[in-house]
Structure formats: C-alpha cells, structure tokens
Amino acid sequence: MADGGVVDGGDSPCGETDREPGPSDSLRTFGAVMQALREHAGYSRTEFANLVSFSKHTVESVELGRRMPDVALVERSEEALGNTGALRKASQYVTRGRGDVGLAAWFRQWARLERVAVSLCTYECRLVPGLLQSEGYARAVFEGTVPVAPDSLLEDFMARRMERQRMLFERPTTPFSFIVEEHVFRRRFGDPGQMRGMFDHVLELSAPRNVTLQVVPLEAGLHACLDGPVQLLETPKGQRLAYSEGQQNGRLISDVKEVSLLCQRYDTLRSQALNAKDSRGLLERLRGEL
C-alpha cells in the first residue's frame, strides 16, 4: 500500500472517477509487431508465454495493445525471437496516453514529480515497494483489495504497475534507494514458486548500479522511521519533497523543515539497515529457504 494509493503504486481500484483511456496507437503497433514475430517463429501464445516465463494472459494483453510491455518481457521476447532489436527499439516509443489516469487521485502529483526526479528514496514497512514488485506479487496485492476490482480494471492496474518499473532501467543515471523491512519479504503469498519469483524479480531490479536496496533486519529493533512509509525525491531544480500515505489518502510534503526532518530519519535508518551486499545475501537466503 505505499508509494501511491491503496495498493502501492498509485493504481486505484477504489472509486476513481477517471477511466484508463483506450489503447494508444503505439501500444497497438508494438503488440502487432510482437504478435507477428511470435507467429513467424511458429510459437502459439501458450508456448511463447512458457518460453518467456509470463502468463498467456499477459502475452495476449500486450499483443492486443491492452497493457504496457514491461522490461523483462521485452528482453525475454527479444532473446526468444532472434535478438533482432525490433522489440527493444519499438518499446522506447510506447505510450498509454494520459499518464496520470489509472493512478489514485492523491498520488498523481507525486507521480508527475517522480518522472523527472534526479533522485528517489523509498522506505517501506508494509509490502514490497511497487517499483520492485513481481507480476505475481502485484496481482496478489490487487486481488486482495477491498472493494474487489473487476478483472478489466485489474489489468489496467497491472499495466500501470509494470510500466512504472521501467524507470529503473530507462534512467540509469538516476539514483534509486530502497529501504525495506525484513518482515516484508517474509510475508508469504501464493505458492513457493511465486515467492521465489518475487525474490528473483527484486534481485534483478535492484542489481543495476543506480539502484540500492537495503533491508532492515528483524534484530535492528526500533528506529526513527516507525511513523510509517515515506518517499523522498529531489527535483531538477534542487528542491526536496516528500510523500507519505495512509488508508485511502496520501500527502505531498513541501515544507522545508518537515522534509528536512524526514530526510534525517531516512539517512539515520540507512546506517541501521544492512548494506546492499548483505541485503542481497539475506534475500538469497530467504529464497533458498522456500
């Protein structure tokens, strides 16, 4: 539930009046190219979905222009279809239209700032941050929301979640910092295979040099960020802003003193959390225990 709405990431199944616009021309074109390459290679959708380790439904949604292709799908599809570079190049021009639609109303201003931020820091104590969630994890979160989201909207929320993750790869010089409580990764969902998929996804997304993931171990005890999740960013003009979220609401914080205090808390927690290497080691051990 952090970084943007009722289900972490700004996707809003609860009462939003705006609807996701129809597929853009670029989405339809990308999907058509992907489908043509798949069919030329002689794969059925089911065969191809198994080959790229995505669900048949996801492959179908991308091919029909209903959802954004995430980075992992593009890369695995390229490898499976001959590494022509066509999908990688085409994915750079894919858009969904009005980028704020599909995000919780209280998160939209932050989402716009997030796209141009020169740095982004996230502390999360409730669930895996939206920018790091695997498809299976995100779907489980969305399916557990109250009120229940209809299937048609759920796919829009999934598309939005996977689309936001592209930032981690498309902005290789922007520092992304994540501090996450260990108990978040111990919370079970789905079957062991889905749990392993979540760990693999988090480890993959946090591998680039511009992404830092630190885990706060259970034995760390009480600390300065116990008031709840928080996000911090710096704008291109050097302004620091913060965002905090609760049940069905969120707050953009611009007051200099308040933002400074939150930055101090975040920096203090950095020193109490495991370093990036030890954090990866912990996640790998947790994965091995499944």
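In what follows, the structure referred to is the one given above.
Criteria and cut-off values
- Residues numbered from 1 in each chain as written.
- Predicted model: local features only at pLDDT ≥ 70, side-chain atom pairs only at ≥ 80, totals over all residues.
- Heavy atoms only, no water.
- Helix = DSSP H or I, 4+ residues; strand = E, 2+ residues; numbered from the N terminus.
- Contact = heavy atoms within 4.5 Å.
- Areas by Shrake-Rupley, 256 points an atom, 1.4 Å probe, with all protein chains shown as cover.
- Phe/Tyr/Trp six-rings, centres within 6.5 Å; stacked < 30°, edge-to-face > 60°.
- Buried < 20%, exposed > 50% of the residue type's maximum accessible area, 1.4 Å probe, protein only.
- Pairing = 2+ DSSP bridges.
- Axes fitted to C-alpha atoms, helices over the stretch in contact; angles between N-to-C directions.
- Salt bridge = Lys/Arg side-chain N within 4 Å of Asp/Glu carboxyl O.
- Polar contact = N/O pair within 3.5 Å; in protein donor to acceptor, adjacent residues only side chain to side chain.
- Parallel < 35°, antiparallel > 145°, perpendicular 65-115°, else oblique.
- Nonpolar A, V, L, I, M, F, W, Y, C, P; charged D, E, K, R; others polar.
- Left-handed = near helix turned anticlockwise from the far one by under 90°.

Engineer: Go over the overall build of the protein chain, please, and point to the residues and values.
Structural biologist: Each helix and strand in the protein chain was counted, giving 13 helices and six strands. For the protein chain, restricting intrachain contacts to residue pairs at least 6 apart in sequence, the fraction spanning at least 24 positions comes to 74%. Carbon and sulfur atoms form 51% of the exposed surface of the protein chain, whose accessible area is close to 13,400 Å².

Engineer: Go over the packing of aromatic side chains, please, and point to the residues and values.
Structural biologist: Across all of its chains, the model carries five aromatic pairs by this definition. With centroids separated by 5.6 Å and ring planes inclined at 25 degrees, the aromatic side chains of Trp110 and Tyr243 adopt a geometry described as stacked. Linking Trp110 in helix α6 (residues 108-116) with Tyr243 in strand β5 (residues 240-246), this pair joins segments that are 133 residues apart in sequence. Each member of the pair Trp110 and Tyr243 is classed as buried. Between Phe142 and Phe157, the aromatic rings sit 5.7 Å apart at their centres with planes inclined by 40 degrees, giving tilted as the arrangement. Pair noted here: Phe142 is in helix α7 (residues 135-143) and Phe157 is in helix α8 (residues 151-164), with a separation of 15 residues, a long-range link. For Phe142, a relative accessible area of 1% translates into the label buried.

Engineer: An account of the sheet that holds strand β6 (residues 249-253) is needed here, citing residue identities and associated values.
Structural biologist: Ordered in space as β3-β2-β1-β4-β5-β6, the six strands form an open sheet in which the pairing is mixed. The open sheet is flanked by β3 (211-216) and β6, the only strands paired with a single partner. This sheet shows a mean twist of 15 degrees between the axes of neighbouring strands, independent of strand direction. Bridge count for strand β1 (residues 119-124) against strand β4 (residues 230-234) is five bridges, and the pairing is antiparallel. Each bridged residue has a counterpart across the sheet, and for Leu120 the counterpart in β4 is Leu233. Where α6 meets the sheet, it contacts β1, β4, β5 and β6, and its direction lies at approximately 45 degrees from that of β4.

Engineer: Summarise the pattern of salt bridges; cite the residues concerned and give the values.
Structural biologist: Opposite charge on two side chains permits them to pair, given that their charged atoms come into close proximity. Evaluation of the coordinates by the stated rule reveals 16 salt bridges. The salt bridge involving Arg186 is made with Glu182; its shortest N-O contact spans 2.8 Å. Here Glu182 and Arg186 lie together in helix α10 (residues 182-186), a separation of four residues that amounts to about one turn. Residue Glu182 is classed as buried on the basis of its relative accessible area, which comes to 5%. For Arg270, the salt bridge goes to Asp267, with nearest N and O atoms at 3.3 Å. Placement of both Arg270 and Asp267 in helix α12 (residues 256-272) is noted, with a separation of three residues, approximately one turn of the helix. Salt bridges sharing partners connect three or more residues here, namely Arg38, Glu39, Arg45 and Glu63.

Engineer: Before we move on, could you go through the environment of Ser279 and cite the residues and values that matter?
Structural biologist: As for its placement among the helices and strands, Ser279 is situated in helix α13 (residues 276-288). For Ser279, a relative accessible area of 1% puts it in the buried group. The sequence separation of Ser279 and Gln214 amounts to 65 residues, and the corresponding C-alpha distance is 5.5 Å. Apart from the residues lying within four places of it in its own chain, the contact partners of Ser279 are Leu213, Gln214, Val215 and Leu274. Looking at Ser279, its side chain comes within polar contact range of the main-chain oxygen of Leu274, at 3.3 Å.

Engineer: I'd like a rundown of the packing of helix α1 (residues 25-41) against helix α3 (residues 56-63), residues and numbers included.
Structural biologist: At a closest axis distance of 7 Å, the pairing of α1 and α3 adopts a crossing angle of 120 degrees. For the element pair α1 / α3, the angle class is oblique. Across the interface between the two elements, Leu27, Phe30, Gly31, Ala32, Met34, Gln35 and Arg38 from α1 touch Val59, Val62 and Glu63 from α3. Across the contact of α1 with α3, the residue classes break down as six nonpolar, two polar and two charged.

Engineer: Requested: an account of the packing of α7 against α8, with residues and values cited.
Structural biologist: Relative placement of two packed helices is described by the angle separating their axes and the distance separating the axes. Where α7 meets α8, the closest approach of the two axes is 10 Å, and the angle between their N-to-C directions is 140 degrees. Compared by their axis directions, α7 and α8 come out oblique. Crossing angle aside, the handedness with which α7 passes α8 is right-handed. Contacts from Glu135, Ala138, Arg139, Phe142 and Glu143 of α7 reach α8 at Leu154, Glu155, Phe157, Met158, Arg161 and Met162.

Taken by themselves, the reported measurements are silent on function.
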